[in-house]
Amino acid sequence: MNRFRKEFLKGIIISNPVFVLALGLCPALAISISIDNALGMSMGVAIVLLGSNVMVSAIRKIIPNTVRIPVFIIIIASFVTIIDLSFQAYFPPLHESLGIFLPLIVVNCIVLGRSEAFASKNSTFHSIADALGIAIGFMLALLLISLFRQILGTGTLTLFGNELLSLPGLADHPMTLFILPPGAFLVLALLLALFRRMGVLKNE
Amino acid sequence: MNELLSVFIGMALVNNFILSRFLGLCPFFGVSKKLGNALSMGIAVTLVMFLASVVTWFIYHYILAPFNIEYMKIIIYIVVIASLVQIVEMTIKRTNATLYNSLGIYLPLITTNCAVLGITLINTQENFSLIKSMVSALGGGIGFLLVLVIMSGIRERLEISDIPKSMKGLPIALITAMLLSLTFFGFGGMV
């Protein structure tokens, strides 16, 4: 149980996929324009990660070593297809705004990376902990980036269509730059630098 | 002709793969430290994007669409791309040893490059014809190559400049990418 906790906690901060490992940057920057998108995307990644980690660790002893990567990719692609179709059926607006980044979870380095580095060597039980930890770490990173981008870029904060916060002044004249592509690069750069300055992350 | 030109410019400059669509960021930050490597990687990616677009176009229109199994496209496309990368690698190894040595280590990485799967999905989504798919893949690849080369030139200079400790490495590269991305907005009026 102790090890379960350790594997779970490590993904959240010590090896946070976005801030520490710099993996999965494409979706993290592309869809982080609103909290809703961030939640949807991280839910998709979490389900795929959990599914693929469980599957890979369950059959890890019967996969021949030479073809393991193609096998992992096929497993991941199957889960992504399931997610893609389910989102299309149950959350059409979310499916629309995530666009091609939902199918692109297939080539998300986080998912394949966990299969290769963790699930193919560890038991199913610990792989579940690993998947949950990494998924929550990814979700926190996405939420943090999109929080800044949505508030600065639109002056408001909405969750599932309900307005939570509207900043007077900023809402009428938002800094549109932040919801445009350059804003994504800027927010991630400053967050990384801030974390390093605070000593949460190591300097290079 | 005009239409093809606008697809090409749209893919290469206006909606640049790296700077505005955020596709292929891993190789962008990983490989763009040296000019030579960036050039090799860019060429390899462009080649695979082009081949993948052609092959997936035929598969989509002659296999997936007639049998109504479009939902299988994610799995089929990734398998096609993985095998294509393998074939390209073997072909280059047999025919051109110099090229193989310079591209060698980057080729297997291309399978998990989202720019390649991205272009095939975009072509399918936009319902492009074969010619348009080819042009859009070339445009996307050349845009990727262009930004990778520009970035590597800048990063070679960043290596020797005095940067605050906590900004070194990835943060300053992201700031550079932000400035490049702002600059590329200037192309917005072209299409």
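Conventions adopted
- Residues numbered from 1 in each chain as written.
- Chains lettered and ligands numbered in written order.
- Predicted model: local features only at pLDDT ≥ 70, side-chain atom pairs only at ≥ 80, totals over all residues.
- Heavy atoms only, no water.
- Helix = DSSP H or I, 4+ residues; strand = E, 2+ residues; numbered from the N terminus.
- Rg over C-alpha atoms; globule rule 2.2 N^0.38 Å.
- Contact = heavy atoms within 4.5 Å.
- Areas by Shrake-Rupley, 256 points an atom, 1.4 Å probe, with all protein chains shown as cover.
- Lys, Arg positive; Asp, Glu negative; His and termini not counted.
- Charge placed at Lys NZ, Arg CZ, Asp CG, Glu CD.
- Buried < 20%, exposed > 50% of the residue type's maximum accessible area, 1.4 Å probe, protein only.
- Patch = residues over 30% accessible without salt bridge, like charges linked within 9 Å, V, L, I, M, F, W, Y side chains within 5 Å.
- Salt bridge = Lys/Arg side-chain N within 4 Å of Asp/Glu carboxyl O.
- Phe/Tyr/Trp six-rings, centres within 6.5 Å; stacked < 30°, edge-to-face > 60°.
- pLDDT = per-residue confidence, 0-100.
- Core = buried A, V, L, I, M, F, W, Y, C linked by side-chain atoms within 4.5 Å.
- Axes fitted to C-alpha atoms, helices over the stretch in contact; angles between N-to-C directions.
- Parallel < 35°, antiparallel > 145°, perpendicular 65-115°, else oblique.
- Left-handed = near helix turned anticlockwise from the far one by under 90°.
- Nonpolar A, V, L, I, M, F, W, Y, C, P; charged D, E, K, R; others polar.

*Asks:* Provide a residue-level description of the overall build of chain A, including the pertinent values.
*Replies:* In terms of helices and strands, chain A carries 8 helices and 2 strands. Its helices and strands taken in sequence order, chain A reads α-α-α-α-α-α-α-β-β-α from the N to the C terminus. The C-alpha radius of gyration computed for chain A amounts to 18 Å, which stays within 12% of the reference 17 Å derived for 204 residues, consistent with globular compactness. Principal axes of the C-alpha set define a box for chain A whose edges measure 60 × 45 × 30 Å. Contacts in chain A between residues far apart in sequence, at least 24 positions, make up 72% of those at least 6 positions apart. For chain A, the exposed area adds up to about 9,100 Å²; of that, 70% sits on carbon and sulfur atoms. Separation of charge centres in chain A, based on 13 positive and 9 negative side chains, amounts to 18 Å.

*Asks:* Can you break down the overall build of chain B residue by residue, with the values?
*Replies:* A tally of regular secondary structure across chain B gives 8 helices and 0 strands. Starting at the N terminus and ending at the C terminus, chain B contains elements arranged as α-α-α-α-α-α-α-α. The C-alpha atoms of chain B give a radius of gyration of 17 Å, which matches the 16 Å a tight globule of 191 residues would have. Each principal axis of the C-alpha distribution contributes one length, and for chain B these read about 60 × 45 × 30 Å. Buried residues in chain B amount to 52% of all 191 residues. Carbon and sulfur atoms make up 66% of the accessible area of chain B, which amounts to about 8,800 Å² in all. Each charge class in chain B can be summarised by its mean position, and for the 11 positive and 7 negative side chains these summaries are 7 Å apart.

*Asks:* Describe a nonpolar patch on the surface, naming the residues involved and giving the relevant values.
*Replies:* Side chains of Ile13, Ile14, Leu194, Met198 and Val200 of chain A sit close together on the surface and give an oily, nonpolar patch of about 530 Å² of accessible area. Following the sequence through the fold, Met198 of chain A ends up in helix H8 (residues 181–198).

*Asks:* Account for the packing of aromatic side chains, naming residues and giving values.
*Replies:* Two descriptors summarise a pair of aromatic rings, namely the distance from one centre to the other and the angle between the planes of the rings. Residues and elements named next belong to chain B. This structure, assessed with the given rule, holds 9 aromatic pairs over all chains. Ring geometry for Phe28 versus Phe29: centroids 4.8 Å apart, planes at 55°, classification tilted. An identical accessibility class is assigned to Phe28 and Phe29; each is buried. Seen in terms of ring centroids, Trp57 and Tyr62 are 6.4 Å apart; in terms of plane orientation they differ by 70°. Their pairing is edge-to-face. Using a relative accessible area of 57% as the deciding quantity, one classes Tyr62 as exposed.

*Asks:* Which residues make up the confidence of the model for chain A, and what values go with them?
*Replies:* Mean pLDDT over chain A stands at 86; residues scoring 70 or higher make up 99%. Confidence, read as mean pLDDT per element, is least for strand S2 (residues 162–166) of chain A in chain A (76) and greatest for helix H3 (residues 35–58) of chain A (91).

*Asks:* Any details on the nonpolar core? Residues and values, ideally.
*Replies:* For soluble globular proteins, the rule of thumb is that nonpolar side chains tend to be buried together. Counting 119 residues, the largest nonpolar core has Phe19 and Phe185 of chain A together with Leu25 and Phe29 of chain B as its most contacted members. Here Phe185 of chain A is in contact with Leu29 of chain A together with Ile18, Leu19, Phe22, Leu25, Phe29, Leu174, Ala177, Met178 and Ser181 of chain B, once residues within four sequence places are set aside.

*Asks:* An account of the packing of helix H3 (residues 35–64) of chain B against helix H6 (residues 114–125) of chain B is requested, with residue identities and associated values reported.
*Replies:* Residue and element names in this part refer to chain B. The contact between H3 and H6 brings their axes to 9 Å, and the two run at 40°. As summarised for this structure, H3 and H6 are arranged oblique, according to the angle between their axes. By crossing handedness, the relation of H3 to H6 is classed as right-handed. Contacts between H3 and H6 involve Val48, Met49, Ala52, Ser53, Thr56 and Tyr60 from the former and Ala115, Val116, Ile119, Thr120, Asn123 and Thr124 from the latter. Each residue belonging to the contact of H3 with H6 can be placed in one class, and the counts come to 7 nonpolar, 5 polar and no charged.

*Asks:* Could you give me a rundown of the pattern of salt bridges, with the residues and numbers involved?
*Replies:* Under the definition given, this model contains 4 salt bridges over all chains. Taking the shortest distance from any N to any O, the salt bridge between Arg68 of chain A and Glu116 of chain A comes out at 2.9 Å. Of this pair, Arg68 of chain A sits in helix H4 (residues 68–90) while Glu116 of chain A sits in helix H6 (residues 109–119), and the two are 48 residues apart along the sequence. Note that Glu3 of chain B is salt-bridged to Lys132 of chain B, the shortest N-O span being 2.7 Å. Here Glu3 of chain B, found in helix H1 (residues 2–14), pairs with Lys132 of chain B, found in helix H7 (residues 130–158); they are 129 residues apart in sequence, far enough to count as distant. Lys132 of chain B gets classed as buried once you look at its relative accessible area, which sits at 18%. Salt bridges linked by common partners bring Lys10, Arg114 and Asp130 of chain A together as one network.

*Asks:* Residue-level account of the interface of chain B and chain A, with values.
*Replies:* Taken together, the 37 residues of chain B in the interface contact 36 residues of chain A. Counting the contacts that link chain B with chain A gives 0 salt bridges. The dominant element in the side of chain B that touches chain A, judged by the number of residues it contributes, is helix H8 (residues 170–184) of chain B, at 8 residues. Grouping the amino acids of the side of chain B that touches chain A by side-chain chemistry returns 25 nonpolar, 9 polar and 3 charged.

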